[in-house]
Every structure is written in C-alpha cells, then in structure tokens.
Amino acid sequence: MNTCKITLPLVHSGKVRDIYDAGNGRLLMVASDRISAFDVVMHEPVPNKGRVLTAMSVYWFEALADVLPSHLISVELADFPPQAQLEGVAGRTMLCHKAEMLPIECIVRGYISGSAWKEYSKYGTMHGQQLPSGLQESEKLPEPVFTPSTKAESGHDENISYDQAVSLVGSELADKARTASLELYRRASEAAAEKGIIIADTKFEMGLVDNKLVVADEVLTPDSSRFWPVDGWQPNSTPPSYDKQPVRDYLNTLDWDKTYPPPPLPSEVIAASEQRYVSAYEIITGHNFSDWPR
C-alpha cells in the first residue's frame with residue numbers, strides 16, 4: 001500500500017494513520033499497515049491491518065450511530081477528491097468531517113487489565129478512584145468505569161481522574177463524553193459477547209462538529225480495544241487477545257531495550273498478527289473480510 005501519490009496537503013502522519021486535508025472542512029484518513037509495539041513502529045507492515053481497522057470502525061460507526069454520531073462521511077472511492085482516487089486507497093480510507101477534538105482519551109474499562117491493573121495492584125485504585133479490595137488481574141469490574149487519560153504528543157498518555165477531565169474540557173462536555181462512552185461500550189460489549197468475544201476495555205476519540213459531539217478517528221478496533229475470547233478468559237491471568245499480541249510476545253523474548261530501531265519481525269509473527277486482526281473483524285461483524293470494501 002502506497003499513499004505517497006496522494007497530493008492533498010498532509011495534515012498529520014501518526015504511527016498508523018496519515019491524515020490529509022480534503023478541503024471544505026473535510027479530512028481524508030488513511031490507515032496504513034504500520035504496526036507499533038512499546039511505542040516503536042516496526043519496520044515490517046502487517047498486511048491488511050489498515051483495511052481491518054477501517055472496516056471495523058465503519059461497522060461500529062454505523063451500528064452505534066443512534067448512541068452518538070460519527071465524523072464519517074464516506075468510504076466510497078468515488079466520493080474522495082480526485083487526488084486520492086488511487087489504487088490501494090480503497091478499503092483503508094475514510095472521508096470525514098474535520099472535528100475539534102477533545103484533549104482527552106475517553107476510555108471505558110469493563111475488566112481490570114493493563115495500566116489499570118498495575119495501578120490497582122500497587123495502590124488499590126484505578127485512575128485514583130478506590131476499588132473493592134481483592135480484585136484479580138483481568139477480573140470483571142462490578143460495572144464499567146469511565147477512566148479518561150490525556151493525549152500525549154509523544155510517549156505515553158497519562159491516566160487522569162474524572163475531575164481532571166472536567167478541568168480540561170468543562171463539566172458539561174465531560175459529562176456528555178462520559179455518558180456516551182459508557183453507552184457505546186455497553187452496547188458494543190453486549191453485541192460482541194453474543195459472538196464469543198469480551199471487550200475488556202476500549203478507547204474512544206471524541207470531538208465537536210458544528211458544536212455537536214461525535215465519535216471520531218477509529219472505534220472499537222483491535223488497536224483501540226482489548227478483545228478476549230470468552231473461552232480463553234479467566235481471572236488472575238492475561239487472556240489471549242485479537243491484536244498485536246504475537247508481535248509483543250515475540251519482542252519480549254529478545255534482548256531489546258524497546259527503543260528505536262526495532263528488531264526485524266519474522267514472517268510467521270507477521271502472519272499470526274494479520275490472522276488475529278482479520279479474525280476479530282470476521283467474528284464480531286459476521287462478515288467475510290474478503291468482501292471488504294463492500
């Protein structure tokens with residue numbers, strides 16, 4: 001996949017996405033096959049990863065539109081500016097409204113894992129909020145919790161309390177973001193559970209379009225969520241996940257200091273990662289990935 005021929009103004013190039021100015025208050029978001037681990041982008045891409053991220057985001061944008069609208073305009077190549085109607089762009093690209101993004105990540109946790117587990121195991125808290133004692137790693141929480149974080153320009157995001165989120169965006173917007181995030185998570189996790197997948201936690205990006213709150217960027221993908229197989233989950237363990245786990249597992253076997261440059265990835269690790277991403281899409285949506293784009 002090569003997007004360098006897109007001659008629209010490049011607004012931002014991130015670890016995964018390249019964003020172009022499509023004019024008239026619109027952005028073109030192109031999801032590459034780049035994959036990162038421990039905040040380092042690997043040299044080798046994972047085939048079809050960007051197409052999976054786009055396909056899953058579109059699926060959830062449409063399925064959850066009654067909870068909160070999205071910034072999505074179209075994924076049809078014919079709707080893109082002529083400079084972007086190129087081979088390799090279809091299926092991994094979204095034409096979107098340009099949103100005024102909130103300076104927080106809207107994270108919802110239904111299970112305690114990752115950075116939340118690390119905090120709880122030390123202090124008995126999650127984002128500074130006291131939790132019941134005796135919880136085990138990966139255990140289901142009594143109820144889903146909105147746990148925002150900052151957006152770091154570089155390095156890691158910082159977990160913050162709800163009160164800190166209010167100080168960043170104001171009480172009204174923070175309340176709207178929290179309410180929408182919890183309902184998006186509830187609806188999605190119930191739907192995924194019917195397919196045999198636990199959504200342990202997920203991260204939403206939100207912004208304002210015409211002063212109305214929308215969900216943006218990507219939503220409920222393997223890059224923004226922890227997807228666990230129901231039959232592979234049990235408390236006091238780290239369940240297998242439908243994401244870049246094969247890459248992380250391999251890198252953890254190496255004597256690598258987790259800084260640039262990254263070590264090369266074996267072909268079998270790349271193939272295993274591609275299979276995880278595609279499987280997540282097909283199980284959750286019920287669609288064959290080979291039929292994407294529609």
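See the structure shown above.
Computed from a prediction, not measured in an experiment: that's the story for all the values here.

### Brief notes about the pairing of strand β1 (residues 10-13)
Here β1 runs beside strand β2 (residues 17-23); their pairing, made up of three bridges, is antiparallel. The residue of β2 that forms the bridge with Leu10 is Tyr20. Adjacent in sequence and paired antiparallel, β1 and β2 are bridged by three residues.

### Notes on the nonpolar core
Met42, Phe204 and Met206 are the most contacted members of the largest nonpolar core, which totals 65 residues. For this core, the element with the highest residue contribution is helix α4 (residues 171-194), accounting for eight residues. Discounting chain neighbours no more than four positions away, the residues touching Phe204 are Glu105, Cys106, Val108, Ser181, Leu184, Tyr185, Val215, Val219 and Leu220. By size, the runner-up hydrophobic cluster in this structure holds 10 residues, among which are Ala22, Leu28, Phe80 and Val89.

### Brief notes about the pattern of salt bridges
Oppositely charged side chains are able to pair whenever their charged atoms sit close together. All chains considered together, the criterion is met by 16 salt bridges. Between Arg226 and Asp201 there is a salt bridge whose closest N-O contact spans 2.6 Å. With Arg226 in strand β16 (residues 225-229) and Asp201 in strand β14 (residues 197-209), the pair connects residues that are 25 residues apart, well separated along the chain. A relative accessible area of 26% places Arg226 in the partly exposed class. Judged by relative accessible area, Asp201 falls into the buried class, the value being 6%.

### Some remarks on the pairing of strand β9 (residues 104-111)
Within β9, eight of the eight residues are buried, leaving the element largely enclosed by the surrounding structure. Two elements, β9 and β14, share four bridges in a ladder whose sense is antiparallel. Bridge assignment links Cys106 to a residue of β14, and that residue is Phe204. In this structure, β9 lies alongside strand β12 (residues 140-146), joined through three bridges in antiparallel fashion. Along β12, the bridge assignment pairs Arg109 with Val145.

### Structural notes on the sheet that holds strand β7 (residues 93-97)
Within the open sheet, the five strands sit side by side as β1-β2-β3-β7-β6. Their pairing is antiparallel. This sheet does not close on itself; its edge strands, each paired only once, are β1 and β6 (72-74). Taken pair by pair, the neighbouring strands of this sheet meet at an average axis angle of 30°, ignoring direction.

### With respect to the packing of aromatic side chains
Per the stated rule, a full pass over the model turns up seven aromatic pairs. Relative to Tyr162, the ring of Phe146 lies with its centre 6.3 Å away and its plane at 75°, an arrangement referred to as edge-to-face. Here the residue Phe146 occupies a position in strand β12, and Tyr162 occupies one in helix α3 (residues 162-169), the gap between them amounting to 16 residues. Here a set of aromatic residues connected by ring pairs shows up, and it is made of Tyr111, Trp228 and Trp233. The ring of Tyr162 is capped by Arg178, whose NZ or CZ atom sits 3.8 Å from the centre of that ring. Positioned above the aromatic ring of Phe38 is the side chain of Lys258, whose terminal nitrogen or guanidinium carbon lies 4.8 Å from the ring centre.

### Description of helix α1 (residues 49-63)
Residues lying three or four places apart along an α-helix face the same way, a consequence of the helix completing one turn every 3.6 residues. Between its terminal C-alpha atoms α1 stretches 21 Å, which fits the 21 Å expected from 15 residues at 1.5 Å a residue. Most of α1 sits out of view: 12 of its 15 residues are buried. Looking only at α1, the buried set comprises Lys49, Gly50, Arg51, Val52, Leu53, Thr54, Ala55, Met56, Ser57, Val58, Trp60 and Phe61.

### Remarks on the side chain of Lys244
Looking at the element boundaries, Lys244 is found in the loop between β16 and α5 (245-251). For the buried Lys244, no salt bridge is present, and the opposite-charge side chain at shortest range is Asp223, 4.6 Å distant. Separated by 2.8 Å, the side chain of Lys244 and the backbone oxygen of Ser36 make a polar contact.

Definitions and limits used
For every chain, the first residue of the written sequence is number 1, and numbering continues from 1 onward in sequence order. Under the rules for a predicted model, residues below a pLDDT of 70 receive no local features and side-chain atom pairs below 80 are neither given nor counted, while totals for whole chains, interfaces and linings still include all residues. The basis for every side-chain value is the complete set of heavy atoms in the structure, and neither hydrogens nor water enter the calculation. Pairing between two strands requires that DSSP report at least two bridges joining them. Only runs of H or I of at least four residues qualify as helices and only runs of E of at least two qualify as strands under DSSP, and these elements are numbered from the N terminus. Only buried residues count toward a nonpolar core, which is a set of Ala, Val, Leu, Ile, Met, Phe, Trp, Tyr and Cys residues joined through side-chain atoms within 4.5 Å. Whether a residue is buried, partly exposed or exposed follows from its accessible area with a 1.4 Å probe, protein chains only, as a fraction of its type maximum: under 20%, in between, or over 50%, in that order. Any two residues having at least one pair of non-hydrogen atoms within 4.5 Å are treated as being in contact. What counts as a salt bridge is simple: a side-chain nitrogen of Lys or Arg found within 4 Å of a carboxyl oxygen of Asp or Glu. Fitted lines through C-alpha atoms give the axes, limited to the stretch in contact for helices. The angle between two N-to-C directions lies from 0 to 180 degrees. Side-chain rings of Phe, Tyr and Trp, where Trp is taken by its six-membered ring, are said to pair if the distance between their centres is within 6.5 Å; with planes under 30 degrees apart they count as stacked, over 60 as edge-to-face, and otherwise as tilted. For a Lys NZ or an Arg CZ to count as sitting over a ring, it must be within 6 Å of the ring centre and within 35 degrees of the ring normal. One fewer than the residue count of a helix, multiplied by 1.5 Å, yields its expected span. A residue counts as positive if it is Lys or Arg and as negative if it is Asp or Glu; His and the chain ends are not included. Any pair of N or O atoms that falls within 3.5 Å is considered a polar contact. Within protein, one atom must be able to donate a hydrogen and the other to accept it, and sequence-neighbouring residues count only if both atoms are side-chain atoms.

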